[in-house]
Amino acid sequence: MLGVDCSVEGADVVITSTNIHNELEFVLQGASTNGSLTYNGTYKCKFYLNGLNLASQKGAPLEILCGKRIDLILNEGTDNVLADAPNGTQKAAFYCKGHLEVEGGGSLTVTGKARHGICTKEYLEIKKSTGSITVNGAESDGIHVGQYFLMKGGTVTVSGQKGDG
């Protein structure tokens, strides 16, 4: 794909995009007990979670380093699980540098073993069509948001955190 580079080391994947013309879409599925996905880009994009079960032994299993709007779609009927590595320097098990908007009828379960469960530098919007989001443990905040949290629907459950909900 023009403007998109990908590097893979074991089950750790880094995607770097220089695309500034088209909204990219990624489908994430499969399982690894020792993997991660890091996305670097400068243009809005969509990530479809389609039965992703990802745990990292190094840092964050899912890290989106793009300051634009990021759509996270939990595909209907899917269970998606993220857990980060303990004792790491990552900000969260799921970190987004930009504006995170979540939708779709699936579920997402997150465990933050080093710091936060979910962290976004900008806002977090849970749309009306969202299924369920569960943070079942975090060494700090269950959900940490830089700007604001807006919940229009869905179910969010946070427990086992040592900081704020």
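Predicted model, so just to flag it, every value in this text is computed and none were measured.

What counts, and where the lines are drawn
- For every chain, the first residue of its written sequence is number 1, and the numbers climb from 1 along that sequence.
- Residue-level local features of this predicted model are given only where pLDDT is at least 70; pairs of side-chain atoms are given and counted only at 80 or more, and the full residue set underlies all totals for whole chains, interfaces and linings.
- Side-chain measures here rest on the full set of heavy atoms in the structure, leaving out hydrogens and waters.
- Runs of H or I in DSSP of at least four residues are treated as helices and runs of E of at least two as strands, each being numbered from the N terminus.
- Working definition: with a 1.4 Å probe on protein chains only, accessible area under 20% of the residue-type maximum means buried, over 50% means exposed, and in between means partly exposed.
- It only takes one pair of heavy atoms within 4.5 Å for two residues to be counted as in contact.
- Per-residue and other accessible areas were derived by the Shrake-Rupley procedure at a 1.4 Å probe size, with only the shown protein chains allowed to occlude residues.
- Side-chain rings of Phe, Tyr and Trp (the six-membered ring for Trp) are treated as a pair once their centres are within 6.5 Å; stacked means planes under 30 degrees apart, edge-to-face means over 60, and tilted covers the remaining angles.
- Between N or O atoms, a polar contact is any pair within 3.5 Å; within protein, one atom must be a potential hydrogen donor and the other a potential acceptor, and residues adjacent in sequence are included only when both atoms are from side chains.
- Two strands qualify as a pair provided DSSP detects at least 2 bridges between them.
- Axis lines are fitted to C-alpha atoms, over the contacting stretch for helices. Their N-to-C directions set the angle, which ranges from 0 to 180 degrees.
- Buried Ala, Val, Leu, Ile, Met, Phe, Trp, Tyr and Cys residues form a nonpolar core when they are joined through side-chain atoms within 4.5 Å.

What is the right way to look at the overall build of the chain in this model?
Secondary structure assignment for the chain yields zero helices and 17 strands. With the principal axes as the frame, the chain shows a C-alpha extent of 45 × 35 × 30 Å. Within the span of the chain, comprising 165 residues, buried residues form 47% of the whole. The long-range share in the chain, meaning contacts at least 24 apart out of those at least 6 apart in sequence, stands at 63%. When the accessible surface of the chain is summed, it comes to about 7700 Å², and 48% of that surface belongs to carbon and sulfur atoms.

Honestly, the packing of aromatic side chains in this entry has me stumped. Any pointers?
Aromatic ring pairs: the centre-centre distance and the angle between the two ring planes describe each pair. All told, the structure shown has four aromatic pairs when counted by the stated rule. For the pair F26 and F47, a centre-to-centre distance of 5.1 Å together with 20° between the ring planes defines the contact as stacked. Separated by 21 residues along the polypeptide, F26 in strand β3 (residues 24-32) and F47 in strand β5 (residues 45-55) bring together distant segments of the chain. Summarising the burial analysis for this pair, F26 and F47 share the class buried. Taking 5.0 Å as the distance between ring centres and 15° as the angle between the ring planes, the aromatic pair formed by Y123 and Y148 counts as stacked.

Before we go on, may I ask you to explain the environment of D12 in this structure?
With respect to the helices and strands, D12 occurs in strand β2 (residues 11-17). Along the backbone, D12 and P61 are 49 residues apart, and their C-alpha atoms lie at a distance of 8.6 Å. Those residues in contact with D12, other than ones at most four positions away along the chain, are S7, N34, G35, S36 and K58. A polar contact of 2.8 Å, which involves the side chain of D12, links it to the side chain of K58.

What am I meant to see in the sheet that holds strand β9 (residues 92-96) here?
The pairing of strands in a sheet happens through backbone hydrogen bonds and is either parallel or antiparallel. A sheet is described by the order of its strands in space; here seven strands give the open sequence β1-β2-β4-β6-β9-β12-β15, paired in mixed fashion. Pairing within the sheet leaves two strands with one partner each, and these edge strands are β1 (4-9) and β15 (143-145). Pairs of neighbouring strands in the sheet enclose a mean axial angle of 15°, with direction left out of account. Relative to strand β12 (residues 116-120), β9 runs parallel, the two sharing four bridges. Bridge pairing links F94 to I118 in β12.

Just to check I follow, could you spell out the nonpolar core for this structure?
Proteins that are soluble and globular tend to have nonpolar side chains buried together. In terms of nonpolar packing, the biggest core is built from 33 residues, with Y39, F47, I64 and L72 touching the most fellow members. Of all the elements, β5 adds the most residues to this core, at five residues. The contacts of F47, once residues within four sequence positions are left out, are F26, L28, L37, Y39, I64, I70, D71, L72 and I73.

Would you mind showing me how to read the environment of Q90 here?
One can find Q90 in the loop between β8 (79-83) and β9. Taking the relative accessible area as the measure of exposure, Q90 reaches 7% and is therefore buried. Along the sequence, Q90 and A60 sit 30 residues apart, while their C-alpha atoms lie 5.8 Å from each other. Leave out the neighbours within four places in its chain, and Q90 touches K58, G59, A60, D84, A85, A114 and R115.

That is the geometry; function is a separate question.
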